[in-house]
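Examination of the molecular architecture
Here's the letter readout for the chains.
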Amino acid sequence: MTNKLILFSVAAFSLTACKKEAPKQDGPKPFPVVSVENKNIVGYDTFPASIEGRVNNDVRAKIQGYITQVLVDEGQYVTKGQPLFRLETNILTENAAASKAGIGAAESNVAAAQAQVNAANVEVNKLKPLVQKNIISNVQLQTAQANLAQAQAGLQQAIAAKRQAVANYKGVEANIDYSVIRAPISGVIGKLPLKVGSLVGPTDQVALTTISDTSEIFAYFSMNEKAYFDFLEKSVGANVPEKIKNLPMVELQLANGSIYPEKGRIEAITGSLDPTTGTIQFRVSFKNAQKLLSNGNSGTIRFPKHYDNVLVVPESATYEQQGIVYVYKVEKDTARNAVVEVIERIDNLALIKSGVKKGEVIIAAGTGNVKPGTAVKPKKISMDSLVQSVKPKF
């Protein structure tokens with residue numbers, strides 16, 4: 001009897017303990033939900049770009065010499081013809097003086113030769129009537145005429161020598177002028193690798209500097225062959241020039257992530273594929289009146305893609321399993337997973353081709369804690385507020 005009472009007590013205690021340990025059934029969990037919407041969305045294809053000035057001129061010396069003055073500084077704006085460098089001119093000045101003296105000597109030679117011609121001509125004119133009157137023989141006249149021809153030849157040689165002396169002097173003067181190295185174009189001075197005392201010349205591999213005309217800049221970017229043909233198929237026009245003309249304006253994203261205020265236009269496409277990189281290069285022109293962009297900058301070209309009246313859901317509402325994308329629809333306060341086809345993901349939105357309809361309610365976030373059939377307590381939120389809250393801030 002005692003044993004039976006003990007067993008009954010143990011059984012009763014165990015039953016009580018089991019009842020206490022039994023888990024309580026949880027109620028519906030709150031989840032943020034949004035309605036599927038239609039929106040007009042602009043996306044972008046992006047391409048890394050290098051930026052160059054409209055014109056970039058290397059500045060080089062036309063003569064050899066030592067730099068005596070550097071008249072500009074890096075980053076300075078200069079105008080066409082403005083002096084940039086001066087070279088040593090001592091030897092050139094001496095050569096100019098010698099050349100000028102050579103002109104004087106040549107002029108004296110011309111004057112002497114002209115006097116000989118005049119004298120020989122007088123002699124010929126004096127002998128002609130004497131020969132006609134048979135006073136003297138014709139041999140004397142012929143000799144005088146030969147002397148005149150010789151004097152005239154000497155005069156021509158003297159004149160040629162003077163011309164050569166003048167040319168030599170002008171050449172030395174030009175070299176003296178070349179000793180002042182001037183800006184070939186208006187633009188911004190680049191790096192100045194050579195300083196005062198450096199020996200420079202026309203065959204140097206390193207330029208004295210580079211001047212960039214950045215009133216307008218060119219951004220260069222490339223597409224691979226497949227992307228290029230896809231681009232041509234989507235562009236409007238019967239040929240490449242027409243397609244270029246009909247292209248929309250593009251944006252330039254700078255290295256700090258900001259968008260350059262001026263939009264650019266694609267102006268040219270290289271006519272051949274680069275065999276080394278397998279790409280085709282595009283050139284985009286941007287105005288640069290404020291001189292914000294410099295030669296050598298980098299950036300990203302953003303080519304716009306417009307999606308009109310497309311279905312969108314928050315990107316956080318989607319999840320993927322084995323390469324298939326799902327969302328959770330909320331039907332009668334219960335989560336039901338649905339397969340969706342995503343066109344693209346832009347600005348924390350998933351653009352949907354199929355799988356949901358406008359107005360359907362879906363779980364907006366926290367899908368990792370949901371399973372099909374989970375009871376949910378919908379908490380309606382704005383899609384825009386959700387998307388804006390997860391955008392990166394710079």
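Conventions used here
- Residues numbered from 1 in each chain as written.
- Predicted model: local features only at pLDDT ≥ 70, side-chain atom pairs only at ≥ 80, totals over all residues.
- Heavy atoms only, no water.
- Pairing = 2+ DSSP bridges.
- Helix = DSSP H or I, 4+ residues; strand = E, 2+ residues; numbered from the N terminus.
- Buried < 20%, exposed > 50% of the residue type's maximum accessible area, 1.4 Å probe, protein only.
- 1 Å grid on protein atoms, 1.4 Å probe; cavity = no way out; pocket = protein on both sides within 12 Å on 5 of 7 lines; lining within 4 Å.
- Points joined across faces, edges and corners; volume = space filled by probe spheres on them.
- Nonpolar A, V, L, I, M, F, W, Y, C, P; charged D, E, K, R; others polar.
- Polar contact = N/O pair within 3.5 Å; in protein donor to acceptor, adjacent residues only side chain to side chain.
- Contact = heavy atoms within 4.5 Å.
- Arc of directions from axis to C-beta.
- Phe/Tyr/Trp six-rings, centres within 6.5 Å; stacked < 30°, edge-to-face > 60°.

**Here's the deal with the sheet that holds strand S3 (residues 65-70)**
The four strands are arranged S6-S5-S3-S8 in an open sheet whose pairing can be described as antiparallel. The sheet is open, and its two edges are formed by strand S6 (180-182) and strand S8 (199-200), each paired on a single side. Bridging between strand S5 (residues 83-87) and S6 involves three bridges; their strand directions are antiparallel. What sits directly across from Pro 83, in S6, is Arg 182.

**Section: the environment of Ser 294**
Considering the arrangement of structural elements, one finds Ser 294 in the loop between strand S12 (279-287) and strand S13 (298-314). When the C-alpha positions of Ser 294 and Ile 217 are compared, they lie 8.0 Å apart, and in sequence the two are 77 residues distant.

**A word on the pairing of strand S15 (residues 324-331)**
Across the eight residues of S15, six count as buried, placing the element largely inside the fold. As defined by bridge partners, strand S14 (residues 319-321) adjoins S15 across three bridges and the pair is classed as antiparallel. Note that in S15 the partner of Tyr 319 across the bridge is Tyr 326. With antiparallel pairing between neighbouring strands as the criterion, S14 and S15 make up a hairpin whose turn holds two residues, including Gln 322 at a positive phi of roughly 55 degrees. One ladder, built from six bridges, connects S15 with strand S16 (residues 334-339); its direction is antiparallel. Residue pairing for S16: Glu 331 is matched across the bridge by Thr 334. Here S15 folds back onto S16 in antiparallel fashion, the turn holding two residues, of which Lys 332 has a positive phi close to 55 degrees.

**Describing the layout of surface pockets**
Computed from the structure, the largest pocket encloses a volume of approximately 350 Å³. Together, 15 residues line the largest pocket, and Asp 45, Phe 231, Lys 234, Ser 235 and Phe 303 are the ones closest to its centre. The element best represented in the lining of the largest pocket is helix H4 (residues 225-234), accounting for four residues. Residues that form the lining of the largest pocket fall into these classes: nine nonpolar, two polar and four charged.

**Focus on the side chain of Asp 213**
With respect to the secondary-structure elements, Asp 213 resides in strand S9 (residues 209-224). Given a relative accessible area of 13%, Asp 213 falls into the buried group. Only 2.6 Å separates the side chain of Asp 213 from the side chain of Arg 54, close enough to count as a polar contact. In this structure, Asp 213 is in contact with Gly 53, Arg 54, Val 55, Ile 185, Ser 186 and Gly 187, ignoring residues within four places of it in sequence.

**Side note on H4**
Taken together, the buried positions of H4 are occupied by Tyr 228, Phe 231 and Leu 232. The arc that holds every buried residue of H4, seen down its axis, measures 100 degrees, which confines them to one face. Turned more than 90 degrees away from the buried face of H4, the exposed residues are Lys 226, Glu 233 and Lys 234. Sitting at the head of H4, Asn 224 places a side-chain oxygen 3.2 Å from the backbone nitrogen of Lys 226.

**Quick word on the packing of aromatic side chains**
Counting across every chain of the model gives ten aromatic pairs. A centroid spacing of 5.0 Å and a plane angle of 15 degrees characterise the contact between Tyr 319 and Tyr 328, whose relative ring orientation is stacked. With a relative accessible area of 3%, Tyr 328 lands in the buried category. Taken together, the ring pairs in this structure connect Phe 47, Phe 221, Tyr 228, Phe 229, Phe 231, Phe 282 and Phe 303 into an aromatic cluster.

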